[in-house]
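Here's the letter readout for the chains.
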Amino acid sequence: MNRVIRFFIALLCSFFIFTACSKDDGGTEGNGNTDNDMPGTSVEDNTPRWISEVLEYCPAPGQFINTGSGNETAVQSIIGKKGLLSLGGFGGYVIFRFDHAVINQDGYDFVILGNAFGESSEPGIVSVAIDKNGNGKPDDDEWYELKGSEYGKPSVTVGYTVTYIKPEDTNSARNIEWTDNLGNSGVVTVNSFHTQCYFPLFLEGNPDRLVFTGSRLPDNVVVENRMEVLKPVGWGYADNYSEDYTEGDDNTKNSNKFDIANAVDASGNSVSLEKIDFVKVCTALHWSSPVIGEASTEICGAISLTPR
Ligand SMILES: [Ca+2]
Ligand SMILES: [Ca+2]
Ligand SMILES: [Ca+2]
């Protein structure tokens, strides 16, 4: 969504949130600063344990890519603190870790901050990995998806592959052509607010095309009052204005909350994990418009809820 529209809508939302919080100054429920409903786990720890390292950042094309919200500087912004990193369109991803294994305790185990609000949910699918072979990195056979509310529904396209083509002109904003494994083709549309190349130009080897495979969530866009609105999608996704989003303290509110107990293997079987070493977030929508641009998951940091 374009930055200007986002800013004004965010401003409006801030006003309403502030108004709502003011009503709760007496300490009644609903202001995000009282006991949360999840048993066992607090999202109100005052000593946040932020991301310690980003192992990989491979965005798909998008309006914030090659800007300060979608480049190496943006990667640094989410280490140890709140920042902003856009993953671009479908398939774009980031892999990060904390300086400790995240324990699967009762209830939530970590949170991922986003920039979602009432009119903008851009859900990303979250996976976790255990470093079984102890080589300090996540290998392909060490990943488990954390199932969200849409997992297993027929509306989700599993094994969806999109190939993006780098445009010849990389000095200005050009529509980015794509094809998928279902025989479709289209473009990631540019809008008037972003004039740089949308195809990532900082990746190792400077590839001419990018191929991503993953699960695609169905489009969540509706038009309300002549505005394109990206509606919230259940629970269990990053950058999604779900019911848990505003829970938490100054650090953990405006985040989606995740429970390692939702891990599933590639066959969809539940897996019992005592702890995890790596987290991956991947844009799960494949949609763009010339008005608000592509749907792209953003993450603004992550906090482990493992007690010190
Ligand atoms: Ca848990
Ligand atoms: Ca490993
Ligand atoms: Ca977003």
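Values in this document were obtained by computation on a predicted structure and should not be read as measured data.

Engineer: I'm lost on the overall build of the chain in this one. Help?
Structural biologist: Regarding its fold elements, the chain presents 2 helices and 22 strands. Taking all 308 residues of the chain together, 42% fall into the buried category. By sequence separation, contacts in the chain at least 24 residues apart represent 75% of the contacts at least 6 residues apart.

Engineer: I would appreciate a short explanation of the sheet that holds strand β16 (residues 263–264) in the present structure.
Structural biologist: Note: strands within a sheet are paired through backbone hydrogen bonds, in either parallel or antiparallel orientation. The 6 strands lie next to each other as β2-β4-β18-β7-β8-β16, forming an open sheet whose pairing is antiparallel. For this open sheet the edge positions go to β2 (53–58) and β16, each flanked by a neighbour on one side alone.

Engineer: What exactly am I supposed to notice about the sheet that holds strand β10 (residues 176–180) here?
Structural biologist: Strand order in the open sheet formed by 4 strands is β11-β10-β9-β12, and the pairing between neighbours is antiparallel. The open sheet has two free edges, formed respectively by β11 (185–188) and β12 (209–216), since each of these has just one partner strand. For this sheet, the mean inter-axis angle between neighbouring strands, taken without regard to orientation, is 30 degrees.

Engineer: Please clarify how the environment of Ile 112 should be interpreted in this entry.
Structural biologist: You can see Ile 112 is positioned in strand β6 (residues 110–113). Separated by 145 residues in the primary sequence, Ile 112 and Lys 257 place their C-alpha atoms 6.6 Å from one another. Once residues lying within four places of it in the same chain are set aside, the contact partners of Ile 112 are Val 126, Ala 238, Ser 255, Asn 256, Phe 258, Val 281, Ile 299 and Ala 302.

Engineer: Would you explain unusual backbone geometry in this entry?
Structural biologist: Where the residue is not glycine, phi is negative for most of them; where a peptide bond is considered, it is trans in most cases. A positive phi is found at Arg 226, a non-glycine position, where the angle reads about 65 degrees. Along the chain, the position of Arg 226 falls in the loop between β13 (221–224) and β14 (227–230). Positive phi is not limited to glycine here, since Asn 254 has a value of about 60 degrees. Note on Asn 254: 22 C-beta atoms within 10 Å, which makes it buried.

Engineer: Teacher, can you tell me more about the nonpolar core here?
Structural biologist: Here is a general trend for soluble globular proteins: nonpolar side chains tend to be buried in one another's company. Counting residues in hydrophobic clusters, the biggest one holds 62 residues, and the most contacted among them are Val 94, Val 111, Ile 112, Val 128, Val 281, Ile 299 and Ala 302. Apart from the residues within four sequence positions on either side, Ala 302 is in contact with Ile 51, Phe 96, Phe 110, Val 111, Ile 112, Leu 113 and Val 279.

Engineer: Just checking my understanding: could you explain the pairing of β13 for this structure?
Structural biologist: The side chains of a regular strand alternate between the sheet's two faces. Here 4 bridges tie β13 to β14, and the two strands are oriented antiparallel to one another. Across the sheet, the residue bridging to Val 221 is Leu 230, located in β14. Between β13 and β14, which follow one another and run antiparallel, lie 2 residues, and Asn 225 among them has a positive phi close to 50 degrees.

Engineer: Quick question: what am I supposed to make of the confidence of the model for the chain here?
Structural biologist: Low pLDDT marks regions whose predicted coordinates should not be analysed in detail. Residues at a pLDDT of 70 or more form 86% of the chain, whose mean pLDDT is 89. Note on residues 7–40: pLDDT under 50 across the span, and 24 contacts to partners over four residues away in sequence or across chains.

Engineer: Please explain the environment of Ala 263 as it appears in this structure.
Structural biologist: With respect to the secondary-structure elements, Ala 263 resides in strand β16. Separated by 116 residues in sequence, Ala 263 and Lys 147 have C-alpha atoms that sit 6.2 Å apart. Ignoring sequence-local partners within four residues, the contact set of Ala 263 consists of Val 128, Tyr 144, Leu 146, Val 271 and Leu 273.

Engineer: Honestly, the environment of Thr 195 in this entry has me stumped. Any pointers?
Structural biologist: Examined against the element boundaries, Thr 195 turns out to sit in the loop between β11 and β12. Along the sequence, Thr 195 and Ser 172 sit 23 residues apart, while their C-alpha atoms lie 5.7 Å from each other. Discounting chain neighbours no more than four positions away, the residues touching Thr 195 are Ser 172 and Ala 173.

Cut-offs applied
- Residues numbered from 1 in each chain as written.
- Chains lettered and ligands numbered in written order.
- Predicted model: local features only at pLDDT ≥ 70, side-chain atom pairs only at ≥ 80, totals over all residues.
- Helix = DSSP H or I, 4+ residues; strand = E, 2+ residues; numbered from the N terminus.
- Buried ≥ 20, exposed ≤ 12 C-beta atoms within 10 Å, placed from the backbone.
- Contact = placed C-beta atoms within 7 Å.
- Pairing = 2+ DSSP bridges.
- Axes fitted to C-alpha atoms, helices over the stretch in contact; angles between N-to-C directions.
- Core = buried A, V, L, I, M, F, W, Y, C linked by C-beta atoms within 7 Å.
- pLDDT = per-residue confidence, 0-100.

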